[in-house]
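Residue-level listing of the chains:
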Amino acid sequence: MTAAAPSAAPPERAGVALTEDLIRRKAEHNEGMLSTLEEIALHQLDIDRIEVLNNCRHLKIVLLQSNLISKIENLHRLKRLEYVNLAINNISRIENLDRCESLNKLDLTVNFIDLDELQSVESLKNNLELRTLYLTGNPCMTGTTAWDGCRDYVVATLPQLHELDGTAVTRSE
């Protein structure tokens, strides 16, 4: 008799899985219908990964603040997405939003975007509707590692912005 090989255990998650069931429970105002859902509030749930939202093709507003998310992903099919709040998460790089062609406002307040990853703001160049961006509280903007030219760099990289960190972008910038 030979011993069976141990089955590989699923990897441990840092937080809660974002499932269709969770979205349905949070979408009670939409009678749990994912196909027509336009707004979803999923804040303070210890979600560690953005998953299954691509199935909600009509989403315009996604509130994911105060979770454990470390990577912006799985939003590429949301062509109508206008506002994403990812404040107070574990994000260190801006990425994977280039196909969100209606994106107007992005909140990345209090994450972990440092000067080494600040160039990732370039990934938003093709988001031509993006008018408002929040980076307040990230290492690139505040503290001992902040760079005085950070605002100038972001504004020069994203000329479509009207507002950065709650302050209007001026013509001279």
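What counts as what
Residues numbered from 1 in each chain as written. Predicted model: local features only at pLDDT ≥ 70, side-chain atom pairs only at ≥ 80, totals over all residues. Heavy atoms only, no water. Helix = DSSP H or I, 4+ residues; strand = E, 2+ residues; numbered from the N terminus. Contact = heavy atoms within 4.5 Å. Lys, Arg positive; Asp, Glu negative; His and termini not counted. Charge placed at Lys NZ, Arg CZ, Asp CG, Glu CD. Polar contact = N/O pair within 3.5 Å; in protein donor to acceptor, adjacent residues only side chain to side chain. Disulfide = S-S within 2.5 Å. Buried < 20%, exposed > 50% of the residue type's maximum accessible area, 1.4 Å probe, protein only. Phe/Tyr/Trp six-rings, centres within 6.5 Å; stacked < 30°, edge-to-face > 60°. Lys NZ or Arg CZ within 6 Å of the ring centre and 35° of its normal.

Caption draft 1: Quick peek at the overall build of the protein chain. A tally of helices and strands in the protein chain yields two helices and seven strands. Ordered by position from the N terminus, the helices and strands of the protein chain form the series α-β-β-β-β-β-α-β-β. The C-alpha extent of the protein chain, read off along each of the three principal axes, is 75 × 40 × 25 Å. In the protein chain, once contacts between residues fewer than 6 apart in sequence are set aside, the share between residues at least 24 apart is 42%. With 18 positive and 26 negative side-chain charges, the protein chain shows a spacing of 6 Å between the two charge centroids.

Caption draft 2: The side chain of Glu51, seen in detail. For Glu51, the position within the fold is in the loop between strand 1 (39-41) and strand 2 (61-63). Of note is the side chain of Glu51, whose polar atom sits 3.4 Å from the backbone nitrogen of Leu18.

Caption draft 3: How the structure looks around the state of the cysteines. Scanning all chains against the criterion turns up zero disulfides. Among the cysteines around Cys100, which has no disulfide bond, Cys56 carries the closest sulfur, lying 13 Å off. Residue Cys100 is classed as buried on the basis of its relative accessible area, which comes to 0%.

Caption draft 4: Here's a closer look at the packing of aromatic side chains. Scanning the model with the defined rule gives zero aromatic pairs in all. Over the ring of Tyr83 we find Lys105; its NZ or CZ atom is 4.7 Å from the centre of that ring.

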